[in-house]
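Chain and residue survey
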Amino acid sequence: MSTDVLKRLGLFVGFILAQVVVLGRIHLLGIATPLFYVYFVSLFPRNYPKWGVLLWSFFLGLFIDIFTNTPGLASTALTLLAFVQPPFFELFVPRDSVDDLKPSLHSIGVLKYSYYITFLVFIYCVVFFSLEMFSFSNWLHWLMCVVGSTLITLALIFTFEIARNQH
Amino acid sequence: MKNLLEFLQKYYHWFLFLVLETLSLVLLVRNNNLQNSVWFSSANAVVGKVYEWSSAVTAFFSLNKNNEDLMLRNYYLERQLTQLRRLYAEATEHADPAQQQGLDSLGSYQLVPAKVISSELHHANNLMTIDKGKADGVEEGMGVVCGKGIVGVTYLTSDHYAVVIPVLNSNSSRISCAIRGHQYFGVLRWYGKDATHAYVEDIPRHARFKRGEWVETNGYSSIFPAGVLVGQIVEVYNSRDGLSYRLKVRLSTDFGNLRDVMVITDRSIADRVRLMQAAKDSLRLNVEE
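It should be emphasised that the depicted structure is a prediction, and the values quoted were computed from it without experimental measurement.

**Comments concerning the overall build of chain B**
When helices and strands are tallied, chain B shows 6 helices and 12 strands. Burial analysis of chain B (289 residues in total) assigns 26% to the buried set.

Right under this line is the structure:
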(Lines give C-alpha, C1' and ligand atoms only; values in the text may rest on other atoms or scores of the structure.)
Protein backbone atom coordinates (compact mmCIF):
# COMPACT_ATOMS: atom_id res chain seq x y z
CA MET A 1 0.00 0.00 0.00
CA SER A 2 1.28 3.41 -0.79
CA THR A 3 2.81 5.55 1.91
CA ASP A 4 0.07 8.08 1.49
CA VAL A 5 -2.59 5.53 2.34
CA LEU A 6 -0.62 4.30 5.34
CA LYS A 7 -0.02 7.82 6.56
CA ARG A 8 -3.66 8.63 6.20
CA LEU A 9 -4.57 5.43 7.99
CA GLY A 10 -2.40 6.51 10.88
CA LEU A 11 -4.09 9.91 10.98
CA PHE A 12 -7.47 8.16 10.77
CA VAL A 13 -6.80 5.99 13.80
CA GLY A 14 -5.26 8.91 15.66
CA PHE A 15 -8.24 11.16 15.12
CA ILE A 16 -10.68 8.48 16.15
CA LEU A 17 -8.79 7.68 19.34
CA ALA A 18 -8.34 11.33 20.26
CA GLN A 19 -12.00 12.07 19.74
CA VAL A 20 -13.31 9.04 21.48
CA VAL A 21 -11.01 8.95 24.47
CA VAL A 22 -10.36 12.61 25.20
CA LEU A 23 -12.17 15.19 23.16
CA GLY A 24 -15.59 13.63 22.94
CA ARG A 25 -16.00 13.97 26.67
CA ILE A 26 -15.46 17.72 26.72
CA HIS A 27 -18.69 19.70 26.73
CA LEU A 28 -17.81 23.26 27.62
CA LEU A 29 -20.75 25.02 29.27
CA GLY A 30 -22.83 22.06 28.12
CA ILE A 31 -22.93 23.35 24.56
CA ALA A 32 -19.49 23.25 22.95
CA THR A 33 -17.96 19.96 21.88
CA PRO A 34 -14.66 19.85 20.01
CA LEU A 35 -15.08 17.94 16.77
CA PHE A 36 -11.46 17.65 15.86
CA TYR A 37 -11.88 14.87 13.34
CA VAL A 38 -13.23 17.36 10.83
CA TYR A 39 -9.61 18.38 10.38
CA PHE A 40 -9.05 15.00 8.70
CA VAL A 41 -11.41 15.91 5.88
CA SER A 42 -9.77 19.27 5.41
CA LEU A 43 -6.35 17.67 4.92
CA PHE A 44 -7.03 16.09 1.55
CA PRO A 45 -4.84 17.71 -1.10
CA ARG A 46 -6.05 19.12 -4.35
CA ASN A 47 -6.81 16.48 -7.02
CA TYR A 48 -6.94 13.63 -4.56
CA PRO A 49 -9.45 11.19 -6.13
CA LYS A 50 -12.93 12.25 -5.08
CA TRP A 51 -14.07 8.72 -4.40
CA GLY A 52 -11.14 8.44 -2.03
CA VAL A 53 -12.14 11.53 -0.11
CA LEU A 54 -15.71 10.26 0.13
CA LEU A 55 -14.76 6.80 1.29
CA TRP A 56 -12.22 7.96 3.89
CA SER A 57 -14.68 10.44 5.36
CA PHE A 58 -17.54 8.00 5.35
CA PHE A 59 -15.56 5.43 7.28
CA LEU A 60 -14.20 8.00 9.68
CA GLY A 61 -17.76 9.07 10.43
CA LEU A 62 -18.88 5.49 10.73
CA PHE A 63 -16.23 4.60 13.29
CA ILE A 64 -16.86 7.73 15.30
CA ASP A 65 -20.54 6.83 15.30
CA ILE A 66 -19.84 3.31 16.44
CA PHE A 67 -18.01 4.70 19.44
CA THR A 68 -20.57 7.34 20.28
CA ASN A 69 -23.47 4.97 19.62
CA THR A 70 -25.20 7.30 17.18
CA PRO A 71 -25.24 5.33 13.91
CA GLY A 72 -25.35 7.47 10.86
CA LEU A 73 -24.95 10.87 12.49
CA ALA A 74 -21.30 11.71 11.89
CA SER A 75 -21.09 9.66 8.71
CA THR A 76 -23.91 11.65 7.07
CA ALA A 77 -22.32 14.94 7.98
CA LEU A 78 -18.77 13.89 7.08
CA THR A 79 -19.80 12.42 3.73
CA LEU A 80 -21.50 15.68 2.88
CA LEU A 81 -18.40 17.56 3.92
CA ALA A 82 -16.21 15.26 1.83
CA PHE A 83 -18.38 15.91 -1.17
CA VAL A 84 -18.01 19.63 -0.73
CA GLN A 85 -14.32 19.80 0.19
CA PRO A 86 -12.59 19.24 -3.21
CA PRO A 87 -14.47 21.87 -5.22
CA PHE A 88 -14.44 24.21 -2.26
CA PHE A 89 -10.71 24.01 -1.83
CA GLU A 90 -10.30 24.76 -5.53
CA LEU A 91 -11.83 28.17 -4.88
CA PHE A 92 -8.94 29.15 -2.67
CA VAL A 93 -6.16 27.85 -4.84
CA PRO A 94 -4.27 30.30 -7.05
CA ARG A 95 -4.29 29.22 -10.65
CA ASP A 96 -0.60 28.46 -11.00
CA SER A 97 -0.07 26.31 -7.96
CA VAL A 98 1.15 22.77 -7.60
CA ASP A 99 -1.18 19.98 -8.60
CA ASP A 100 -1.28 18.31 -5.23
CA LEU A 101 -1.37 21.35 -3.00
CA LYS A 102 -2.09 20.49 0.59
CA PRO A 103 -4.37 22.84 2.51
CA SER A 104 -2.51 24.45 5.37
CA LEU A 105 -1.69 27.83 6.83
CA HIS A 106 1.60 27.72 5.05
CA SER A 107 0.44 26.77 1.57
CA ILE A 108 -2.37 29.21 0.84
CA GLY A 109 -1.87 31.91 3.39
CA VAL A 110 -3.42 32.58 6.75
CA LEU A 111 -6.49 34.51 5.61
CA LYS A 112 -7.54 32.08 2.90
CA TYR A 113 -6.91 29.10 5.10
CA SER A 114 -8.97 30.67 7.86
CA TYR A 115 -11.90 31.16 5.53
CA TYR A 116 -11.55 27.63 4.22
CA ILE A 117 -11.37 25.87 7.53
CA THR A 118 -14.00 28.03 9.21
CA PHE A 119 -16.45 27.33 6.44
CA LEU A 120 -15.84 23.58 6.56
CA VAL A 121 -16.13 23.34 10.34
CA PHE A 122 -19.22 25.55 10.41
CA ILE A 123 -20.99 23.52 7.74
CA TYR A 124 -20.13 20.34 9.57
CA CYS A 125 -21.43 21.65 12.89
CA VAL A 126 -24.66 22.90 11.32
CA VAL A 127 -25.38 19.55 9.68
CA PHE A 128 -24.26 17.55 12.69
CA PHE A 129 -26.34 19.37 15.25
CA SER A 130 -29.37 19.65 13.00
CA LEU A 131 -29.35 15.89 12.53
CA GLU A 132 -28.68 15.28 16.18
CA MET A 133 -31.54 17.40 17.44
CA PHE A 134 -33.78 16.76 14.43
CA SER A 135 -36.04 19.63 15.33
CA PHE A 136 -35.71 23.37 15.41
CA SER A 137 -38.09 23.94 18.25
CA ASN A 138 -35.25 24.82 20.60
CA TRP A 139 -33.34 26.82 18.00
CA LEU A 140 -31.47 28.89 20.56
CA HIS A 141 -29.81 25.81 22.00
CA TRP A 142 -29.08 24.57 18.49
CA LEU A 143 -27.48 27.88 17.58
CA MET A 144 -25.36 27.91 20.72
CA CYS A 145 -24.17 24.36 20.10
CA VAL A 146 -23.24 25.13 16.51
CA VAL A 147 -21.38 28.32 17.30
CA GLY A 148 -19.75 26.96 20.44
CA SER A 149 -18.55 23.75 18.83
CA THR A 150 -17.32 25.60 15.76
CA LEU A 151 -15.26 27.97 17.89
CA ILE A 152 -13.70 25.33 20.06
CA THR A 153 -12.95 23.06 17.10
CA LEU A 154 -11.38 25.94 15.23
CA ALA A 155 -9.29 26.79 18.27
CA LEU A 156 -7.95 23.25 18.35
CA ILE A 157 -7.32 23.13 14.63
CA PHE A 158 -5.50 26.43 14.53
CA THR A 159 -3.33 25.41 17.45
CA PHE A 160 -2.46 22.21 15.67
CA GLU A 161 -1.75 23.97 12.38
CA ILE A 162 0.48 26.56 13.96
CA ALA A 163 2.37 23.85 15.85
CA ARG A 164 2.77 21.89 12.62
CA ASN A 165 4.14 24.87 10.75
CA GLN A 166 6.74 25.64 13.37
CA HIS A 167 8.75 22.68 12.06
CA MET B 1 -25.88 2.66 -23.59
CA LYS B 2 -22.48 4.07 -24.30
CA ASN B 3 -23.71 7.53 -23.40
CA LEU B 4 -25.06 6.17 -20.15
CA LEU B 5 -21.74 4.56 -19.27
CA GLU B 6 -19.90 7.74 -20.15
CA PHE B 7 -22.29 9.73 -18.00
CA LEU B 8 -21.77 7.34 -15.11
CA GLN B 9 -18.02 7.50 -15.48
CA LYS B 10 -17.99 11.25 -15.56
CA TYR B 11 -20.18 11.72 -12.50
CA TYR B 12 -19.31 8.58 -10.56
CA HIS B 13 -18.40 10.53 -7.46
CA TRP B 14 -21.93 11.98 -7.38
CA PHE B 15 -23.32 8.47 -7.32
CA LEU B 16 -20.85 7.34 -4.73
CA PHE B 17 -21.78 10.35 -2.64
CA LEU B 18 -25.48 9.58 -3.00
CA VAL B 19 -24.95 5.95 -2.10
CA LEU B 20 -22.87 6.73 0.99
CA GLU B 21 -25.14 9.53 2.11
CA THR B 22 -28.26 7.39 1.72
CA LEU B 23 -26.57 4.60 3.65
CA SER B 24 -25.71 7.01 6.44
CA LEU B 25 -29.22 8.43 6.54
CA VAL B 26 -30.71 4.96 6.69
CA LEU B 27 -28.44 4.11 9.59
CA LEU B 28 -29.39 7.36 11.24
CA VAL B 29 -33.11 6.90 10.96
CA ARG B 30 -33.21 3.24 11.77
CA ASN B 31 -31.04 3.27 14.81
CA ASN B 32 -31.75 6.51 16.57
CA ASN B 33 -35.04 6.69 18.35
CA LEU B 34 -35.78 10.36 17.91
CA GLN B 35 -35.09 10.42 14.20
CA ASN B 36 -36.85 7.09 13.86
CA SER B 37 -40.02 8.30 15.48
CA VAL B 38 -40.08 11.58 13.57
CA TRP B 39 -39.52 9.73 10.32
CA PHE B 40 -42.14 7.14 11.08
CA SER B 41 -44.79 9.58 12.16
CA SER B 42 -44.40 11.77 9.09
CA ALA B 43 -43.94 8.80 6.78
CA ASN B 44 -47.04 7.25 8.22
CA ALA B 45 -48.93 10.47 7.69
CA VAL B 46 -47.90 10.55 4.05
CA VAL B 47 -48.59 6.86 3.51
CA GLY B 48 -51.91 7.17 5.28
CA LYS B 49 -52.98 10.04 3.03
CA VAL B 50 -52.02 8.14 -0.11
CA TYR B 51 -53.89 5.03 1.00
CA GLU B 52 -56.89 7.17 1.88
CA TRP B 53 -57.05 8.55 -1.64
CA SER B 54 -56.58 5.20 -3.30
CA SER B 55 -59.24 3.53 -1.16
CA ALA B 56 -61.64 6.37 -1.93
CA VAL B 57 -61.10 5.64 -5.60
CA THR B 58 -61.64 1.89 -5.24
CA ALA B 59 -64.69 2.42 -3.03
CA PHE B 60 -66.15 4.52 -5.78
CA PHE B 61 -66.01 1.57 -8.15
CA SER B 62 -67.92 -0.72 -5.81
CA LEU B 63 -70.75 1.76 -5.26
CA ASN B 64 -73.04 -0.05 -7.70
CA LYS B 65 -72.82 -3.36 -5.89
CA ASN B 66 -73.33 -1.67 -2.52
CA ASN B 67 -76.39 0.06 -3.90
CA GLU B 68 -77.96 -3.21 -4.97
CA ASP B 69 -77.29 -4.85 -1.62
CA LEU B 70 -78.83 -1.94 0.20
CA MET B 71 -81.95 -1.99 -1.94
CA LEU B 72 -82.48 -5.65 -1.23
CA ARG B 73 -82.05 -5.16 2.49
CA ASN B 74 -84.44 -2.23 2.40
CA TYR B 75 -87.08 -4.41 0.83
CA TYR B 76 -86.78 -7.11 3.48
CA LEU B 77 -86.84 -4.59 6.30
CA GLU B 78 -89.94 -2.90 4.96
CA ARG B 79 -91.71 -6.21 4.80
CA GLN B 80 -90.78 -6.96 8.38
CA LEU B 81 -91.95 -3.50 9.34
CA THR B 82 -95.45 -3.92 7.99
CA GLN B 83 -95.75 -7.27 9.74
CA LEU B 84 -94.71 -5.84 13.10
CA ARG B 85 -96.89 -2.80 12.68
CA ARG B 86 -99.84 -5.07 12.27
CA LEU B 87 -98.88 -7.10 15.32
CA TYR B 88 -98.41 -4.02 17.44
CA ALA B 89 -101.73 -2.52 16.39
CA GLU B 90 -103.35 -5.72 17.55
CA ALA B 91 -101.45 -5.65 20.86
CA THR B 92 -102.40 -2.12 21.94
CA GLU B 93 -105.77 -0.39 21.89
CA HIS B 94 -104.74 2.99 20.51
CA ALA B 95 -102.28 3.99 17.85
CA ASP B 96 -100.88 7.43 18.63
CA PRO B 97 -99.00 8.48 15.47
CA ALA B 98 -95.98 9.88 17.31
CA GLN B 99 -95.69 6.73 19.37
CA GLN B 100 -96.18 4.65 16.26
CA GLN B 101 -93.27 6.29 14.56
CA GLY B 102 -91.05 5.92 17.57
CA LEU B 103 -91.78 2.26 17.94
CA ASP B 104 -91.44 1.61 14.23
CA SER B 105 -87.73 2.08 14.51
CA LEU B 106 -87.61 -0.79 16.98
CA GLY B 107 -89.16 -3.12 14.45
CA SER B 108 -86.72 -5.94 14.52
CA TYR B 109 -86.37 -6.16 18.30
CA GLN B 110 -88.42 -8.26 20.63
CA LEU B 111 -90.59 -5.96 22.66
CA VAL B 112 -92.82 -6.56 25.65
CA PRO B 113 -95.49 -3.91 26.09
CA ALA B 114 -96.11 -2.79 29.67
CA LYS B 115 -98.01 -0.16 31.60
CA VAL B 116 -96.47 2.14 34.16
CA ILE B 117 -98.28 1.63 37.43
CA SER B 118 -96.34 3.98 39.65
CA SER B 119 -93.83 6.67 39.02
CA GLU B 120 -92.17 9.62 40.71
CA LEU B 121 -90.87 12.79 39.17
CA HIS B 122 -89.85 15.16 41.90
CA HIS B 123 -87.18 13.37 43.87
CA ALA B 124 -83.49 13.38 43.14
CA ASN B 125 -83.63 9.68 42.39
CA ASN B 126 -86.92 8.65 40.88
CA LEU B 127 -88.11 5.12 40.31
CA MET B 128 -90.89 3.66 38.21
CA THR B 129 -92.82 0.41 38.42
CA ILE B 130 -94.25 -1.44 35.44
CA ASP B 131 -96.73 -4.27 35.37
CA LYS B 132 -94.63 -6.92 33.66
CA GLY B 133 -92.10 -9.18 35.31
CA LYS B 134 -90.12 -12.35 34.98
CA ALA B 135 -93.17 -14.31 33.93
CA ASP B 136 -93.49 -12.07 30.89
CA GLY B 137 -89.84 -12.25 29.94
CA VAL B 138 -88.69 -9.04 31.58
CA GLU B 139 -85.38 -9.29 33.43
CA GLU B 140 -82.88 -6.95 35.09
CA GLY B 141 -80.82 -4.70 32.93
CA MET B 142 -83.19 -4.45 30.00
CA GLY B 143 -83.91 -1.20 28.26
CA VAL B 144 -87.31 0.44 28.52
CA VAL B 145 -88.61 2.79 25.84
CA CYS B 146 -91.86 4.40 24.95
CA GLY B 147 -93.19 5.65 21.66
CA LYS B 148 -91.74 9.08 22.19
CA GLY B 149 -88.29 8.07 23.31
CA ILE B 150 -86.13 6.52 25.93
CA VAL B 151 -87.44 5.77 29.41
CA GLY B 152 -84.83 3.89 31.41
CA VAL B 153 -83.39 0.53 32.42
CA THR B 154 -85.04 -2.22 34.48
CA TYR B 155 -83.45 -2.65 37.85
CA LEU B 156 -85.34 -5.25 39.87
CA THR B 157 -87.86 -7.76 38.69
CA SER B 158 -90.28 -10.03 40.45
CA ASP B 159 -92.55 -12.49 38.77
CA HIS B 160 -95.14 -9.93 37.73
CA TYR B 161 -93.66 -6.51 38.33
CA ALA B 162 -90.45 -4.69 37.58
CA VAL B 163 -88.83 -1.55 38.91
CA VAL B 164 -87.31 0.70 36.30
CA ILE B 165 -84.60 3.32 36.89
CA PRO B 166 -85.70 6.06 34.55
CA VAL B 167 -83.52 8.73 33.02
CA LEU B 168 -84.80 11.05 35.78
CA ASN B 169 -82.48 9.50 38.31
CA SER B 170 -79.00 10.73 39.09
CA ASN B 171 -77.90 7.12 39.56
CA SER B 172 -79.19 6.05 36.18
CA SER B 173 -76.80 4.06 34.06
CA ARG B 174 -75.00 6.50 31.85
CA ILE B 175 -76.68 5.95 28.56
CA SER B 176 -74.50 6.55 25.55
CA CYS B 177 -76.21 8.78 23.04
CA ALA B 178 -75.20 10.51 19.85
CA ILE B 179 -76.36 13.53 17.91
CA ARG B 180 -78.46 12.32 14.99
CA GLY B 181 -76.58 12.49 11.75
CA HIS B 182 -73.18 12.89 13.39
CA GLN B 183 -71.00 10.37 15.14
CA TYR B 184 -70.26 12.57 18.13
CA PHE B 185 -71.45 10.77 21.23
CA GLY B 186 -71.70 11.60 24.88
CA VAL B 187 -73.22 10.38 28.11
CA LEU B 188 -76.74 11.16 29.33
CA ARG B 189 -77.00 12.43 32.90
CA TRP B 190 -79.76 13.97 34.96
CA TYR B 191 -79.13 16.20 37.92
CA GLY B 192 -82.52 16.66 39.44
CA LYS B 193 -85.27 19.28 39.70
CA ASP B 194 -86.30 19.63 36.05
CA ALA B 195 -88.18 16.56 34.85
CA THR B 196 -88.19 17.75 31.25
CA HIS B 197 -84.50 18.36 30.66
CA ALA B 198 -81.34 16.29 30.97
CA TYR B 199 -77.69 16.77 30.02
CA VAL B 200 -75.50 15.02 27.51
CA GLU B 201 -71.88 15.31 28.55
CA ASP B 202 -68.45 14.61 27.08
CA ILE B 203 -69.32 15.78 23.61
CA PRO B 204 -65.91 16.43 22.02
CA ARG B 205 -64.99 20.03 21.39
CA HIS B 206 -64.42 19.42 17.69
CA ALA B 207 -68.06 18.42 17.23
CA ARG B 208 -70.16 20.54 14.89
CA PHE B 209 -73.89 20.66 15.58
CA LYS B 210 -76.76 23.11 16.10
CA ARG B 211 -79.39 23.68 18.70
CA GLY B 212 -82.56 21.89 17.77
CA GLU B 213 -80.82 18.80 16.49
CA TRP B 214 -82.08 15.50 17.82
CA VAL B 215 -80.14 13.29 20.16
CA GLU B 216 -80.69 9.54 20.08
CA THR B 217 -79.00 6.40 21.38
CA ASN B 218 -76.07 5.30 19.29
CA GLY B 219 -76.15 1.58 19.83
CA TYR B 220 -72.93 1.45 21.78
CA SER B 221 -74.63 -0.04 24.81
CA SER B 222 -75.90 -3.57 25.26
CA ILE B 223 -79.28 -2.35 26.41
CA PHE B 224 -80.58 0.06 23.81
CA PRO B 225 -80.41 -0.32 20.07
CA ALA B 226 -79.36 2.62 17.97
CA GLY B 227 -81.91 5.23 17.06
CA VAL B 228 -84.00 5.45 20.21
CA LEU B 229 -84.91 9.10 20.60
CA VAL B 230 -83.62 10.94 23.65
CA GLY B 231 -84.44 14.57 23.03
CA GLN B 232 -83.66 17.83 21.33
CA ILE B 233 -80.66 20.06 22.02
CA VAL B 234 -81.74 23.32 23.67
CA GLU B 235 -78.51 24.77 24.97
CA VAL B 236 -74.77 24.18 24.76
CA TYR B 237 -72.45 24.72 27.68
CA ASN B 238 -68.81 24.08 28.36
CA SER B 239 -68.05 21.22 30.69
CA ARG B 240 -66.67 22.02 34.12
CA ASP B 241 -63.09 21.31 33.12
CA GLY B 242 -63.49 23.04 29.79
CA LEU B 243 -62.42 20.00 27.81
CA SER B 244 -65.76 19.07 26.26
CA TYR B 245 -69.28 20.32 25.66
CA ARG B 246 -72.30 19.77 27.80
CA LEU B 247 -75.63 19.82 25.96
CA LYS B 248 -78.90 20.61 27.66
CA VAL B 249 -81.48 18.36 26.06
CA ARG B 250 -85.24 18.61 26.27
CA LEU B 251 -86.33 15.02 26.79
CA SER B 252 -88.74 13.80 24.17
CA THR B 253 -90.40 11.40 26.62
CA ASP B 254 -93.14 13.01 28.69
CA PHE B 255 -92.48 11.39 32.04
CA GLY B 256 -95.44 13.15 33.59
CA ASN B 257 -97.92 11.44 31.29
CA LEU B 258 -96.15 8.17 30.82
CA ARG B 259 -98.44 5.17 30.68
CA ASP B 260 -97.48 2.78 27.91
CA VAL B 261 -93.91 1.59 27.59
CA MET B 262 -92.08 -1.27 25.90
CA VAL B 263 -89.32 -3.37 27.38
CA ILE B 264 -86.68 -4.47 24.92
CA THR B 265 -86.26 -8.12 25.72
CA ASP B 266 -84.14 -8.81 22.71
CA ARG B 267 -80.93 -10.34 23.93
CA SER B 268 -79.18 -10.08 20.58
CA ILE B 269 -77.72 -6.69 21.44
CA ALA B 270 -76.26 -8.02 24.64
CA ASP B 271 -74.99 -11.06 22.76
CA ARG B 272 -73.17 -8.87 20.24
CA VAL B 273 -71.54 -6.82 22.96
CA ARG B 274 -70.57 -9.98 24.86
CA LEU B 275 -69.05 -11.48 21.72
CA MET B 276 -67.02 -8.35 21.08
CA GLN B 277 -65.77 -8.34 24.65
CA ALA B 278 -64.82 -12.03 24.42
CA ALA B 279 -62.91 -11.36 21.23
CA LYS B 280 -61.03 -8.47 22.81
CA ASP B 281 -60.16 -10.54 25.87
CA SER B 282 -58.88 -13.46 23.83
CA LEU B 283 -56.78 -11.15 21.66
CA ARG B 284 -55.30 -9.57 24.75
CA LEU B 285 -54.42 -13.00 26.11
CA ASN B 286 -52.81 -13.96 22.82
CA VAL B 287 -50.65 -10.85 22.84
CA GLU B 288 -49.57 -11.46 26.40
CA GLU B 289 -48.53 -15.05 25.67
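**Topic: the interface of chain A and chain B**
The partner chain B presents 15 residues to the 16 residues of chain A that form the contact. When contributions to the side of chain A that touches chain B are tallied by element, the ones reaching two or more residues are α3 (50–68) and α4 (73–92) of chain A. A total of 6 residues in the side of chain A that touches chain B trace back to one element, the largest contributor, which is α4(A).

**Overview of the sheet that holds strand β4 (residues 149–157) of chain B**
Within a sheet, neighbouring strands are paired by backbone hydrogen bonds and run either parallel or antiparallel to one another. All names here are of chain B. Around the barrel, 6 strands lie side by side as β1-β2-β5-β4-β3-β12; this closed barrel has antiparallel pairing. Sheet twist, expressed as the mean angle between neighbouring strand axes with direction ignored, is 45 degrees. Both strand β3 (residues 143–146) and strand β12 (residues 260–264) contribute to a ladder of 3 bridges, which runs antiparallel. Pairing of Val-145 across the sheet is with Met-262, part of β12.

**Examining helix α4 (residues 63–91) of chain B**
Between its terminal C-alpha atoms α4(B) stretches 41 Å, which fits the 42 Å expected from 29 residues at 1.5 Å a residue. Among the 29 residues in α4(B), 0 count as buried, and that is only a small part of the element.

**Focus on the packing of α3(A) against α4(A)**
All names here are of chain A. With their axes 7 Å apart at the nearest point, α3 and α4 run at an angle of 160 degrees to one another. On the basis of their axis angle, the class for α3 and α4 is roughly antiparallel. Regarding α3 and α4, the two cross each other, and that crossing is right-handed. The residues of α4 that touch α3, namely those facing Lys-50, Val-53, Leu-54, Ser-57, Phe-58, Leu-60, Gly-61, Leu-62, Ile-64 and Asp-65, are Leu-73, Ala-74, Ser-75, Ala-77, Leu-78, Thr-79, Leu-81, Ala-82, Phe-83, Gln-85 and Pro-86.

**Structural notes on the nonpolar core**
In this structure, B:Val145, B:Ile150, B:Val164, B:Val230, B:Val249 and B:Val261 are the most contacted members of the largest nonpolar core, which totals 44 residues. Residues within four places of B:Ile150 in sequence aside, it is in contact with B:Val145, B:Val167, B:Ile175, B:Thr217, B:Phe224, B:Val228, B:Leu229, B:Val230 and B:Thr253. Membership of the second largest hydrophobic core comes to 42 residues, among which are A:Leu35, A:Phe36, A:Leu73 and A:Tyr113.

**Describing the environment of B:Met262**
Of note, B:Met262 is situated in strand β12. It is 9.8 Å that separates the C-alpha atoms of B:Met262 and B:Ile130, two residues lying 132 residues apart in sequence.

**With respect to the pairing of strand β1 (residues 111–119) of chain B**
All names here are of chain B. Bridge analysis of β1 against β12 gives 5 bridges, and the strand direction is antiparallel. Bridge pairing in β12 places Pro-113 opposite Met-262. Pairing of β1 with strand β2 (residues 128–130), which is carried by 3 bridges, proceeds in the antiparallel orientation. Note that in β2 the partner of Ser-119 across the bridge is Met-128.

**Comments concerning the sheet that holds strand β10 (residues 229–238) of chain B**
Residues and elements named next belong to chain B. Reading around the circumference, β6-β7-β8-β11-β10-β9 is the order of the 6 strands in this closed barrel, with antiparallel pairing throughout. Put simply, the sheet's adjacent strands are angled 40 degrees from each other on average, direction ignored. Relative to strand β11 (residues 244–251), strand β8 (residues 197–204) runs antiparallel, the two sharing 7 bridges. Across the sheet, the residue bridging to Glu-201 is Arg-246, located in β11.

**Digging into the packing of helix α6 (residues 110–133) of chain A against helix α7 (residues 139–165) of chain A**
Each packed pair of helices is defined by two parameters, the angle between the axes and the distance between the axes. Residue and element names in this part refer to chain A. Contact geometry of α6 with α7 gives a least axis separation of 9 Å together with a crossing angle of 140 degrees. It follows that α6 is oblique to α7 by the angle criterion. Read as a crossing pair, α6 and α7 show a hand that is right-handed. Residue-level contacts link Ile-117, Thr-118, Val-121, Phe-122, Cys-125, Val-126, Phe-129 and Met-133 of α6 to Trp-142, Cys-145, Val-146, Ser-149, Thr-150, Thr-153, Leu-154 and Ile-157 of α7. Its residues assigned to classes, the contact of α6 with α7 shows 12 nonpolar, 4 polar and no charged.

**Re the pairing of strand β7 (residues 185–189) of chain B**
All names here are of chain B. Both strand β6 (residues 175–179) and β7 contribute to a ladder of 4 bridges, which runs antiparallel. Its bridge partner being in β7, Ala-178 is matched across the sheet by Phe-185. With antiparallel pairing between neighbouring strands as the criterion, β6 and β7 make up a hairpin whose turn holds 5 residues, including Gly-181 at a positive phi of roughly 90 degrees. Relative to β8, β7 runs antiparallel, the two sharing 3 bridges. Bridge assignment links Leu-188 to a residue of β8, and that residue is Val-200.

**Side note on unusual backbone geometry**
At A:Asn47, a residue that is not glycine, the phi angle is positive and equals roughly 65 degrees. By the secondary structure assignment, A:Asn47 is in the loop between α2 (38–42) and α3. The backbone phi angle of B:Asp202 is positive, close to 65 degrees, even though this residue is not glycine. Note on placement: B:Asp202 falls in strand β8.

What counts and how
Residues numbered from 1 in each chain as written. Chains lettered and ligands numbered in written order. Predicted model: local features only at pLDDT ≥ 70, side-chain atom pairs only at ≥ 80, totals over all residues. Helix = DSSP H or I, 4+ residues; strand = E, 2+ residues; numbered from the N terminus. Buried ≥ 20, exposed ≤ 12 C-beta atoms within 10 Å, placed from the backbone. Contact = placed C-beta atoms within 7 Å. Pairing = 2+ DSSP bridges. Axes fitted to C-alpha atoms, helices over the stretch in contact; angles between N-to-C directions. Expected span 1.5 Å × (residues − 1). Parallel < 35°, antiparallel > 145°, perpendicular 65-115°, else oblique. Left-handed = near helix turned anticlockwise from the far one by under 90°. Core = buried A, V, L, I, M, F, W, Y, C linked by C-beta atoms within 7 Å. Nonpolar A, V, L, I, M, F, W, Y, C, P; charged D, E, K, R; others polar.

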